[in-house]
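What the coordinates show
Now for the letters of each chain:
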Amino acid sequence: MGGGGEKVPGQYMGWWGSFGSPPQKGITAYTLSANRQRPLAGSMHSAVFNSWRRFKSQVLYVVPPFIVAYLVMDWAVKENHFLNSKEGRKLHGAEEE
């Protein structure tokens, strides 16, 4: 096992990453100062062009069903207005009793 003696249930082994084994050697970590980082560098440019690319790739899947739905709804509303008008009732309505 990794060293640090025998482990028994309930024994505190240390915080995450320090389970009683000897420290690692030969690992180099490089960091960048917080005031030198630019986390939002180029994000507006990328957002505009990425949004345009996604819109362009999906527009033909989304727009035609909406156009068809709009045309059907427009026809239904006009037909309803006609059937509830005096001319529509005269043409298609049942005989009044």
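Residues numbered from 1 in each chain as written. Predicted model: local features only at pLDDT ≥ 70, side-chain atom pairs only at ≥ 80, totals over all residues. Heavy atoms only, no water.

Under an unreviewed UniProt entry, the name given to the protein is Cytochrome b-c1 complex subunit 8, and the source organism is Tuber magnatum. Per its UniProt entry, the protein bears the Sequence similarities (unreviewed entry) comment "Belongs to the UQCRQ/QCR8 family." (UniProt positions renumbered as here; feature names shortened; annotations may be inferred.)

This next bit is on the overall build of the protein. Helix and strand content of the protein: 2 helices and 0 strands. Here the protein has roughly 10,000 Å² of accessible surface; of this, 63% comes from carbon and sulfur atoms. (Helix = DSSP H or I, 4+ residues; strand = E, 2+ residues; numbered from the N terminus. Areas by Shrake-Rupley, 256 points an atom, 1.4 Å probe, with all protein chains shown as cover.)

Residues Y61, V62, V63, F66, I67, Y70 and L71 make up a contiguous nonpolar surface patch of about 780 Å² in total accessible area. Considering the arrangement of structural elements, one finds V62 in helix 1 (residues 43-83). A residue is classified by how much of its surface remains accessible, and V62, at 39% relative accessible area, is partly exposed. (Patch = residues over 30% accessible without salt bridge, like charges linked within 9 Å, V, L, I, M, F, W, Y side chains within 5 Å. Salt bridge = Lys/Arg side-chain N within 4 Å of Asp/Glu carboxyl O. Buried < 20%, exposed > 50% of the residue type's maximum accessible area, 1.4 Å probe, protein only.)

One pass over the structure, following the stated rule, counts 1 aromatic pair. The interplanar angle of 35° and the centroid separation of 5.6 Å between the aromatic rings of W52 and F55 together place this pair among those described as tilted. Pair noted here: W52 and F55 are both in helix 1, with a separation of 3 residues, about one helical turn. (Phe/Tyr/Trp six-rings, centres within 6.5 Å; stacked < 30°, edge-to-face > 60°.)

Our next topic: helix 1. Relative to the 60 Å expected for 41 residues at 1.5 Å per residue, helix 1 spans 55 Å between its end C-alpha atoms, a close match to the ideal helical length. If you look at helix 1, its biggest bend is around 55°, right at V59. (Expected span 1.5 Å × (residues − 1). Bend = angle between axes of the 7 residues up to and from the residue.)

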